[in-house]
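Residues per chain, in single letters:
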Amino acid sequence: MSFLAGFQPSRFKKISFITLSALLWLLWAMSFDSSFEVTSHYFYFLFLGIIGAIFANTTGAGGGVVFIPIFNSLELSELQALSTSFAIQCFGMTAGTLTWWRYYKDKVKHHSQLNANDWSQYPIILKCCIPASIAGLWLCQFTDLQPPQSMPFTFGVFSIVLGVILGINCIYRNQRSDRRLLSKKELYTIVFISFLGGIITGWLSVGVGELVVIYLLLKRTAPIVAIAAGVTVSAATVWASAYIHFTPSAQTYFQIVLFAGPGAILGGLLARRIVTLMSVKNLKLVFSCWIIGSGIFMLLL
């Protein structure tokens, strides 16, 4: 039985999962008419999915910050852009969430008490934010609540305002080494913020992740914890609308999702490693500049 000496069950499970996923994707691709033509026309969306998910999972923002401006420039309708963005994020934000959750468990179990304290409120934040965000999203969808202006204008203004707030905080506020836990009052506040973010996500496919991350950063929560929370809340929120965006009658552009979805999974798996290599200030600056830029782009369309 020496041939089993190097056998690793965890590695076997990973290989089996990857193989099964590849087979399922192949079956999905073959279900399209003219699958070769679909591949040749839409393969490059694989890279869009990777880029969008890396950005989304390294900042806590939803991937819609990348996808919505691109889809609008491709002249997809507002409903197509929104639904397709939701569908892609179901892949990428889920991969990012699983990666961050594993990182959280590792920190608490194996690292110093200081790191464990940084992560101690992570489950509590999720319990506060996820139900509130889903409630806001469903209120928006079930009551057909419309944004105050058109989707591109609302997206642009929302992105610019949040980007400026984060940029000012990054430039003018000293980075403190002390971390603090949220008080009970602040937990109530983040419930309200998440509810509002859920409504905005229903309008734009982004919103709750940005709001949660920025609020936690302003309250001096450990930045990596803030990002992990934003990613996880975003993932739960986009999945709460899957009953709309994965149906045959959906406005989702499934040819794009066919490639951008797997790309988003790859990006979501890579993102955590990128975050842990970057400084807090650089993370906040990248986040700020990108969402301001995407907001300006949408206003100019």
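Reading the values: the criteria
- Residues numbered from 1 in each chain as written.
- Predicted model: local features only at pLDDT ≥ 70, side-chain atom pairs only at ≥ 80, totals over all residues.
- Heavy atoms only, no water.
- Helix = DSSP H or I, 4+ residues; strand = E, 2+ residues; numbered from the N terminus.
- Buried < 20%, exposed > 50% of the residue type's maximum accessible area, 1.4 Å probe, protein only.
- Contact = heavy atoms within 4.5 Å.
- Core = buried A, V, L, I, M, F, W, Y, C linked by side-chain atoms within 4.5 Å.
- Axes fitted to C-alpha atoms, helices over the stretch in contact; angles between N-to-C directions.
- Left-handed = near helix turned anticlockwise from the far one by under 90°.
- Nonpolar A, V, L, I, M, F, W, Y, C, P; charged D, E, K, R; others polar.

(A) Examining the environment of S21 more closely. When you line up the elements, S21 lands in helix 1 (residues 9–30). Exposure remark for S21: the relative accessible area of 32% places this residue in the partly exposed category. Sequence-wise, S21 and P262 are 241 residues apart; in three dimensions their C-alpha atoms are separated by 9.4 Å.

(B) Main features of the side chain of H245. In this structure, H245 sits in helix 12 (residues 242–245). Residue H245 is classed as buried on the basis of its relative accessible area of 6%. Sequence-distant contacts of H245, defined by excluding residues within four places in its chain, comprise S83, F86, Q141, A250, T252 and F254.

(C) Seen up close, the nonpolar core. Ranked by internal contacts, the top residues of the largest apolar core, which has 73 residues, are F71 and Y122. Once residues within four sequence positions are removed from consideration, F71 is found in contact with F45, L48, L76, A81, T84, S85, I88 and I256. Residues L82, F86, I134 and V238 belong to the second largest nonpolar core, which totals 7 residues.

(D) Focus on unusual backbone geometry. One non-glycine residue with positive phi stands out, namely S205, at about 70°. Mapped onto the fold, S205 is located in the loop between helix 9 (184–204) and helix 10 (208–218). For S205, a relative accessible area of 1% translates into the label buried. The phi angle at R220 is positive, at roughly 65°, despite the residue not being glycine. Relative to the assigned elements, R220 resides in the loop between helix 10 and helix 11 (223–239).

(E) Representation of the packing of helix 7 (residues 122–142) against helix 11 in the model. Look at helix 7 against helix 11: their axes get within 9 Å of each other, and the N-to-C directions meet at 35°. Crossing geometry of helix 7 relative to helix 11 is assigned as right-handed. Listed contacts from helix 11 to Y122, I125, L126, C129, I130, S133, I134 and L137 of helix 7 are V225, A228, A229, T232, V233, A236 and T237. Here the contact of helix 7 with helix 11 is composed, by residue class, of 12 nonpolar, 3 polar and no charged.

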